[in-house]
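# Residue-level structure breakdown
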Number of protein chains: 2
Amino acid sequence: MRKKHQEASATVLLSGGQDSATCLAWALETFSAVRTLGFDYGQRHRIECESAKRLAKRAKVDYHCLKLDFIPQLGKNALTDPNCHITQKENELPSTFVPGRNVFFLSIAATWAYQQGDAHVVTGVCQSDYSGYPDCRQNFVTALQQTLSLALDTPMTLHTPLMQLSKAQSIRLMQDLGKLDWYADTHTCYEGKRPPCQNCPACKLRKKGFDHCGLVDPLDAAPQA
Amino acid sequence: MRKKHQEASATVLLSGGQDSATCLAWALETFSAVRTLGFDYGQRHRIECESAKRLAKRAKVDYHCLKLDFIPQLGKNALTDPNCHITQKENELPSTFVPGRNVFFLSIAATWAYQQGDAHVVTGVCQSDYSGYPDCRQNFVTALQQTLSLALDTPMTLHTPLMQLSKAQSIRLMQDLGKLDWYADTHTCYEGKRPPCQNCPACKLRKKGFDHCGLVDPLDAAPQA
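Residues numbered from 1 in each chain as written. Chains lettered and ligands numbered in written order. Predicted model: local features only at pLDDT ≥ 70, side-chain atom pairs only at ≥ 80, totals over all residues. Heavy atoms only, no water.

With that out of the way, let us pick up the overall build of chain A. Secondary structure summary: chain A contains 7 helices and 5 strands in total. Sequence-ordered secondary structure for chain A, helices as α and strands as β, is β-α-β-α-β-α-β-α-β-α-α-α. Per-residue burial for chain A yields a buried fraction of 56% across its 225 residues. Partitioning the intrachain contacts of chain A with sequence separation of at least 6 by distance along the chain shows that 72% fall at a separation of at least 24. Carbon and sulfur atoms form 50% of the exposed surface of chain A, whose accessible area is close to 9900 Å². (Helix = DSSP H or I, 4+ residues; strand = E, 2+ residues; numbered from the N terminus. Buried < 20%, exposed > 50% of the residue type's maximum accessible area, 1.4 Å probe, protein only. Contact = heavy atoms within 4.5 Å. Areas by Shrake-Rupley, 256 points an atom, 1.4 Å probe, with all protein chains shown as cover.)

Below, the structure is given as structure tokens:
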């Protein structure tokens, strides 16, 4: 099958989560060459980086991890500060919101991609799974794409293949791509547990997606190293 | 005199250069409260940070410096790599161009400002002094302002008081603000020299501005510690 961007290479943001694994599988079907990029930004659970490495190895693509020391310097949030409790109150931004995070991640990824010669960046941000994060919406990504193209003086494209998909739909996309088994290498749990805690908001959202598809999560059947 | 933004506080990006000093003086006349932010990003000349500290002390405002380790990881450029020579060929981006720099600086500054409760950020980027930097143009700043407001889910304003001014005009602005003597504390020279080398493109541009105004640069008369 002819790939949509036969002549182009892309950088995939690989966090080690389920959505980034789906993006990687999608990118391999879409671009002639793919490399992956992750961030170590003081997140509580380094297990995410391990998952990203395993996924890249499985997909036989390069993985590069950039260390971002400045994010914890910007203020408290529940993803980087172990003393900050994960909560979500109605009409409030969740405590896991890291202000500016997707601006930083996507603009650093685009600049890194630009330096490698890639004009395409793929990210798993998803509006339907928005859960209060303003920087997961399409209008934000569109505005940032324009900003980055102006800043770098060359057209950059931010691809968001999962933007309008529900969790169940992105699981089906992965199934169609024939890579469902890759999910065994992903990490989702906010508590950083493997096997997952099954109780945090992230685990619950993941389980709901698989239940909806009538599928068993490959992570549940994976060796729990 | 009533200030234009009587009720608002602002964060000024203070690099220690001439333009950032002018922005600081402008902000003090414009906002009810001002704080300043600088970046240590592995630039060749730490003398810039020292200049920023002196300026903040003189203006009696807080100065905070964030360490950005990731910029040198993104690739070679003449501002962070001592082995990279400063050059400018016609129709090419100058070797001092750090791709993505103003996206990073302004989005990190806006996020830091947001965490402090400021909705205003002041920066000395200047289109007339563009010299090949695509991320110094107004269309870029306008696009980024919209992107940041979407990402943070609250209106953020990026002020660029020098955008359309020539070097001579911004020197006159500083004179009108009664703070010309602050320039003694600024740093401009690409070679990191104090007294300045007077030969690099940055020194030449600075000298041209003062000559045009018929003024002596206070830096030339300053104690050369």
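Following the structure, the description resumes.
Turning our attention to helix α3 (residues 101-116) of chain A. All names here are of chain A. In a regular helix each residue adds 1.5 Å, so 16 residues correspond to 22 Å; α3 covers 22 Å between its end C-alpha atoms and thus fits that length. Counting buried positions along α3 yields 13 of 16 residues, so the element is predominantly enclosed. The first or second residue beyond α3 is Gly117, which carries a positive phi of 95 degrees. (Expected span 1.5 Å × (residues − 1).)

Bringing unusual backbone geometry into the picture now. Residues and elements named next belong to chain A. The omega torsion across Arg194 and Pro195 is 0 degrees, close enough to zero to call that bond cis. In this structure, Lys60 is a non-glycine residue whose phi angle is positive, near 55 degrees. With respect to the element layout, Lys60 can be found in the loop between α2 (47-59) and β3 (62-67). Overall, Lys60 belongs to the exposed group, its relative accessible area being 74%.

All names here are of chain A. Between α3 and helix α4 (residues 138-152), whose axes approach to 11 Å, the crossing angle comes to 40 degrees. In terms of their interaxial angle, α3 and α4 are classed as oblique. For α3 against α4, the interelement crossing comes out right-handed. Taking contact as the criterion, the partners of Asn102, Val103, Leu106, Ser107, Ala110, Thr111 and Tyr114 in α3 are, on α4, Phe140, Leu144, Leu148 and Leu152. Class assignment of the residues belonging to the contact of α3 with α4 gives a composition of 8 nonpolar, 3 polar and no charged. (Axes fitted to C-alpha atoms, helices over the stretch in contact; angles between N-to-C directions. Parallel < 35°, antiparallel > 145°, perpendicular 65-115°, else oblique. Left-handed = near helix turned anticlockwise from the far one by under 90°. Nonpolar A, V, L, I, M, F, W, Y, C, P; charged D, E, K, R; others polar.)

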